[in-house]
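Survey of secondary and tertiary structure
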Amino acid sequence: MASYYVNKSDLLNPNHNHEVHKEGCIWMPSSYNREYLGEFNSGIPAVAEAKKRGYNDADGCAACCSEAHHG
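Report follows, based on the coordinates. All values reported here derive from a predicted model rather than from experimental measurement.

In sheet architecture, strand pairing relies on hydrogen bonds along the backbone and comes in two forms, parallel and antiparallel. In spatial order, the strands read β3-β1-β2-β4; together these four strands make up an open sheet with mixed pairing. With partners counted over all chains shown, the strands left at the sheet margins are β3 (34–40) and β4 (59–60), one partner each. As judged from the six bridges shared by strand β1 (residues 2–7) and β3, these two strands associate in the antiparallel manner. Residue pairing across strands places Tyr5 opposite Tyr36, the latter belonging to β3. The strands touched by helix α1 (residues 43–52) within the sheet are β1, β2 (19–22), β3 and β4, with β3 carrying the most contacts at an inclination of about 135 degrees.

See below:
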């Protein structure tokens, strides 16, 4: 299991959505610009958790959550 975070800003990536990152990703936003989502087996349930928290346009990071990246 790994720790996942959602980028609280939608301005810091090319698709302007709230990206979900696995801990250690090179594209992880700074600590004040991310929200901890929890421990998950993959990016798919992490993105689902972000959407439950109101980040309706959440998407997996292409670099660290490719299995949950759609966009």
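Quick look at the packing of aromatic side chains now. One pass over the full model with this rule turns up two aromatic pairs. Arranged with centres 6.0 Å apart and planes meeting at 65 degrees, the rings of Tyr4 and Phe40 form a pair that is edge-to-face. On the criterion of sequence distance, the pair formed by Tyr4 in strand β1 and Phe40 in strand β3 is long-range, its members being 36 residues apart. Considered together, Tyr4 and Phe40 belong to a single accessibility category, that of buried residues.

Calculation notes
- Residues numbered from 1 in each chain as written.
- Predicted model: local features only at pLDDT ≥ 70, side-chain atom pairs only at ≥ 80, totals over all residues.
- Heavy atoms only, no water.
- Pairing = 2+ DSSP bridges.
- Helix = DSSP H or I, 4+ residues; strand = E, 2+ residues; numbered from the N terminus.
- Contact = heavy atoms within 4.5 Å.
- Axes fitted to C-alpha atoms, helices over the stretch in contact; angles between N-to-C directions.
- Phe/Tyr/Trp six-rings, centres within 6.5 Å; stacked < 30°, edge-to-face > 60°.
- Buried < 20%, exposed > 50% of the residue type's maximum accessible area, 1.4 Å probe, protein only.

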